[in-house]
Amino acid sequence: MKEEIYEISGMHCAACAASVEKVVSKLEGTELVQVNLMTAKMFIRYDEKLLDGEKIKAKVKKAGFEARLYNDSKKRQKSERGPRLSVIIVCAVIAVVITVLSILSKIAAANPDLSRMDSLLSDRKTCIAEAILCLAVYIFNYRIFLDGYKSLLKLHPDMNSLIALSASVSYLYSLYTVLQPVSDAAMSAMFESGVMVVAMISVGKYIEQRCKRRTGEALEKLTALAPETAFRVDPKTDSATEIPVEKLLLDDIIFVRAGQRVPVDGVVIRGTACADESMLTGESLPVDKHICDIISAGTILTDGSVYATVKAIGRDTKLSGIVRYVEEAQTKKAPIARIADKISLFFVPAVIAIALISGTLVFLTSENAGLSFGIFCNILSVACPCAMGLATPTAIMVGTGMAAQNGILIRSGEALEELSRIDTVVFDKTGTLTLGSPKVEKLECFYLNSPYDILKYAAALEAMSTHPLAVAICEMGKQKNVGKSEVTDFENVPGKGLRGRVDGREVLIGNIEFTEAPMYDDELGTNVYIKIDGKISGRFVLTDEIRPEASKVIEKLKADGKRVVLLSGDAERTVRAVAQKLNIDEYHSGIAPKDKAEILAAIKKEGRKILMVGDGINDAPALTVADLGMAVGGGTDIAIDSADVVMLREGIDDCPRALKLGRFTLRKIKQSLAWAFAYNTVTIILACGIVPGVVFPSWLGGILMSMSSILVVLNALSLKKSNLD
Amino acid sequence: MKTIKVPDMKCIHCKERIEKGMAAENIKAEVNLDDKTVKVEESALKAAIEELEDLGFTPEVAD
């Protein structure tokens, strides 16, 4: 039996992975095949007498994918990162050179004193050189043309279509005039208009591309949460051996110790432990695990150790379920329509119509085919939207730069545009609106004990534990300066409490069962009792502290007219308390990660645009379903990778700021587009030759276009002056 | 024309894979992602079904 791991490329969705698994398992000799979509790897166990690597690769290829043995493929990691900066700069330089030459040649032609320069610049050879350089720039940016024409043919033209169409027409027409035997035909050549736009657009796209998130990374990190090895216990000898997780079978017995990550979903059969399940549920306090409790892959045991029976492995674990949900939601996510594309949708047909009508009218009135064709091409070329194409990238560039200065990381241009359309903000509770760690809210003392004494004994004992509740009580002790008393006969009972001797007195501190307190847990929060020398002397009430800025942030959002919703997996009482304190009218409690996503989907159906703010993996499904996801800085890596916006500074202060920035940026984009649109309309009308006596020289067009573009850039830069508070 | 149902066609990439696969086998096919169907000439039916299985889908003949 041979075991191999292959890297599979070309898989985009769960169906693709299933297809690969299906076809490979049909091969004779395959014993086990498992395909992992997130890591793009296939694990296969096969009989090498019947099967070999070549047959496997061929079968995968027949299904439409590529397979490579994992070790070899590490070399070919030259990822598709898009065009390199150096080539983009070369294109930009070429564009500038051609524009300058063109303007100079037109000026020289008009001025008899510059006849020598004129003859040099208008020389056919110079023009042909320009044509070739121009073509080089176009070929390098072929994607703009390819995508542009594709959308045009689908009758759904976008910005690319506009650029592709007018750049192509101006190029072909210019080429045609240059190749004419008539010597001054080169005057009409206008290579510069198209090449300038294309070069500038490619610079803009490169800048946007640098912030783009790579979705594969987030999912990979999620999978990395589940360890690669597990300790399998032989029931007869009770000895544990470390084996790769893939080799575990259902109903095997595993052993997990404190400090280790749980490898698979299982049911505890022996032992007790505390598990940190925050990555799955958002619950910040460790959860007690006893016999018959479920432990989940990816969680960490903080205390104790357990033996468990394996109930779900690999794809079937809860963790994988969350990952699959996220990846499915990501493929279903509709691309955000960008405003520049929306304008192009009607602008392109309008321009084509105007060009056709003008050309036809001129032909009918003058019977001059050359002139009409010239006007037709002129109009299409003049529509070339240098300024329009620049409007969005420049504003986005300044916007994301400003955001970065304010500690806000925006992942894409679309995210920045979409921020302005958000009308609903959904918050996760633990870790987002709260600090995520418990704090002592109240200390009740009984039997005339002083708080100082109670705290002294409690802190002494809790100093010996790393449990979050212990840390909170110690923190309070430090604040009240109770010092560190000595503890003897210390005992830690995981999930229940601590026991020991402080100053000769027997102290027990823990939950209600452990301390056998004759009371009720009637305080909102976690109730921790302290028993000194057999008498319940006090009770600590710990709650998850709300972030100090939270109330102001909610107020700001509501003042801006946003609907605020609170979602949490915690119990109703706790969530209600937080909602009331923060003045949030809409809240849901006790919900699992997938339910969060479903609630968001329901709100989306009402036509709202949702921003989800969260910090944990359990928020990953919701972060993906929301129109935009915002991760709290200091949150988990996965939340950060699945989010469109990341607040790098601690806290949620920057949430309203990010929304404001989005609004301002979109306003700038609209302003620039409006200006560019007006300019284009005027020049098109002039190019039609409708206004009598006004002949529109193409060099003037070039100069005006540059000026217009500069104005757009300046407008974008003015964004820096905005106040985000 | 015969219609083949392909319920596990999930995304646009699945559709592209089918189109490419059919073209490689010289089968003229109409792939519809919304209905999850592939339409071919009756003469090419057997070859189309074989190709769909090779691609990892589960074809069901509808008509």
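A brief report on the enclosed structure follows. (Residues numbered from 1 in each chain as written. Chains lettered and ligands numbered in written order. Predicted model: local features only at pLDDT ≥ 70, side-chain atom pairs only at ≥ 80, totals over all residues. Heavy atoms only, no water.)

Some words on the overall build of chain A
Right, on to step 1. Regarding its fold elements, chain A presents 27 helices and 24 strands.
Right, on to step 2. Classification of the 725 residues of chain A by burial places 50% in the buried group.
Right, on to step 3. Intrachain contacts of chain A at a sequence separation of at least 6 include 66% that bridge at least 24 residues.
Right, on to step 4. Accessible surface computed for chain A: about 33600 Å², of which carbon and sulfur atoms make up 58%. (Helix = DSSP H or I, 4+ residues; strand = E, 2+ residues; numbered from the N terminus. Buried < 20%, exposed > 50% of the residue type's maximum accessible area, 1.4 Å probe, protein only. Contact = heavy atoms within 4.5 Å. Areas by Shrake-Rupley, 256 points an atom, 1.4 Å probe, with all protein chains shown as cover.)

Quick word on the interface of chain B and chain A
Right, on to step 1. Across the boundary between the two partners, chain B contributes 14 residues, which contact 13 residues of chain A.
Right, on to step 2. Summed over both sides, the interface of chain B with chain A buries roughly 1000 Å², with 50% coming from carbon and sulfur.
Right, on to step 3. Counting across the chain B and chain A interface gives 5 salt bridges.
Right, on to step 4. Across the pair lysine 62 of chain A and aspartate 54 of chain B runs a salt bridge, and its minimum N-O distance is 3.2 Å.
Right, on to step 5. For the interface between chain B and chain A, the tally reads 9 residue pairs in polar contact (both at pLDDT 80 or more).
Right, on to step 6. Broken down by secondary-structure element, the contributors of at least two residues to the side of chain B that touches chain A are α1 (12-24) and α2 (45-54) of chain B.
Right, on to step 7. Broken down by class, the residue content of the side of chain B that touches chain A amounts to 4 nonpolar, 3 polar and 7 charged. (Buried area = accessible area lost by both parts, 1.4 Å probe. Salt bridge = Lys/Arg side-chain N within 4 Å of Asp/Glu carboxyl O. Polar contact = N/O pair within 3.5 Å; in protein donor to acceptor, adjacent residues only side chain to side chain. Nonpolar A, V, L, I, M, F, W, Y, C, P; charged D, E, K, R; others polar.)

Points about the environment of valine 625 of chain A
Right, on to step 1. Relative to the elements of secondary structure, valine 625 of chain A occurs in helix α24 (residues 620-625).
Right, on to step 2. A relative accessible area of 13% means that valine 625 of chain A is categorised as buried.

Looking at the nonpolar core
Right, on to step 1. In terms of nonpolar packing, the biggest core is built from 97 residues, with Val425, Phe427, Leu433, Leu611, Val613 and Cys655 of chain A touching the most fellow members.
Right, on to step 2. The element best represented in this core is helix α26 (residues 654-687) of chain A, accounting for 12 residues.
Right, on to step 3. Those residues in contact with leucine 433 of chain A, other than ones at most four positions away along the chain, are Phe427, Asp428, Ile546, Arg547, Ala550, Ile554, Leu566, Leu582, Ile584 and Ile652 of chain A.
Right, on to step 4. Counting 40 residues, the second largest nonpolar core, distinct from the first, contains Ala67 of chain A together with Met22, Ala44 and Leu45 of chain B. (Core = buried A, V, L, I, M, F, W, Y, C linked by side-chain atoms within 4.5 Å.)

A closer look at helix α23 (residues 593-605) of chain A
Right, on to step 1. Compared with an ideal rise of 1.5 Å per residue, which puts 13 residues at 18 Å, α23 of chain A spans 19 Å between its outermost C-alpha atoms and is within 8% of the ideal.
Right, on to step 2. Looking one or two residues past α23 of chain A, glycine 607 of chain A carries a phi angle of roughly 90°, positive in sign. (Expected span 1.5 Å × (residues − 1).)

Re the packing of helix α8 (residues 159-178) of chain A against helix α13 (residues 339-366) of chain A
Residues and elements named next belong to chain A.
Right, on to step 1. Where α8 meets α13, the closest approach of the two axes is 7 Å, and the angle between their N-to-C directions is 35°. Residues Met159, Leu162 and Leu165 of α8 lie in contact with α13, whose contacting residues are Ala340, Asp341, Ser344, Phe347, Val348 and Ile352.
Right, on to step 2. Tallied by class, the residues present in the contact of α8 with α13 amount to 7 nonpolar, 1 polar and 1 charged. (Axes fitted to C-alpha atoms, helices over the stretch in contact; angles between N-to-C directions.)

What about the packing of aromatic side chains?
Ring pairs (aromatic) are described by centroid distance and by the angle formed between their planes.
All names here are of chain A.
Right, on to step 1. Considering all chains together, one arrives at 5 aromatic pairs over all chains under this definition.
Right, on to step 2. Among the aromatic side chains, those forming a connected cluster through ring pairs are Tyr138, Phe145 and Tyr171.
Right, on to step 3. The ring of tyrosine 307 has arginine 270 sitting right over it, with the charged end atom 4.1 Å from the ring centre.
Right, on to step 4. One Lys or Arg, lysine 535, reaches over the ring of tyrosine 447 and ends 5.2 Å from the middle of that ring. (Phe/Tyr/Trp six-rings, centres within 6.5 Å; stacked < 30°, edge-to-face > 60°. Lys NZ or Arg CZ within 6 Å of the ring centre and 35° of its normal.)

Overview of the packing of helix α7 (residues 142-153) of chain A against α8 of chain A
For any two helices packed against each other, the geometry is given by the interaxial angle and the distance between the axes.
Residue and element names in this part refer to chain A.
Right, on to step 1. Between α7 and α8, the least distance of the axes is 7 Å, while the angle of their chain directions is 110°. Overall, the two elements α7 and α8 adopt an arrangement that is roughly perpendicular. Here Ile144, Phe145, Asp147, Gly148, Tyr149, Ser151 and Leu152 of α7 lie close against α8, whose contacting residues are Asn160, Ser161, Ile163, Ala164, Leu165, Ala167 and Ser168.
Right, on to step 2. The residue makeup of the contact of α7 with α8, split by class, is 8 nonpolar, 5 polar and 1 charged. (Parallel < 35°, antiparallel > 145°, perpendicular 65-115°, else oblique.)

Here's the deal with α13 of chain A
Residues and elements named next belong to chain A.
Right, on to step 1. Relative to the 40 Å expected for 28 residues at 1.5 Å per residue, α13 spans 40 Å between its end C-alpha atoms, a close match to the ideal helical length.
Right, on to step 2. Leucine 345 marks the point of greatest bend in α13, at about 30°, and the proline proline 349 comes within the next four residues.
Right, on to step 3. The set of residues buried in α13 consists of Ile339, Ala340, Ser344, Phe347, Val348, Val351, Ala355, Ser358, Gly359 and Val362.
Right, on to step 4. Residues of α13 that are buried make contact with α7, α8, α14 (369-382), α15 (386-405), α16 (413-419) and α26.
Right, on to step 5. The first or second residue beyond α13 is glutamate 367, which carries a positive phi of 60°. (Bend = angle between axes of the 7 residues up to and from the residue.)

Some details on the pairing of strand β1 (residues 2-5) of chain B
All names here are of chain B.
Right, on to step 1. Two strands pair when backbone bridges link them, and β1 and strand β3 (residues 37-40) are joined in this way by 4 bridges, in the antiparallel orientation. Pairing of lysine 2 across the sheet is with valine 40, part of β3.
Right, on to step 2. Relative to strand β4 (residues 60-61), β1 runs antiparallel, the two sharing 2 bridges. Pairing of lysine 5 across the sheet is with glutamate 60, part of β4. (Pairing = 2+ DSSP bridges.)

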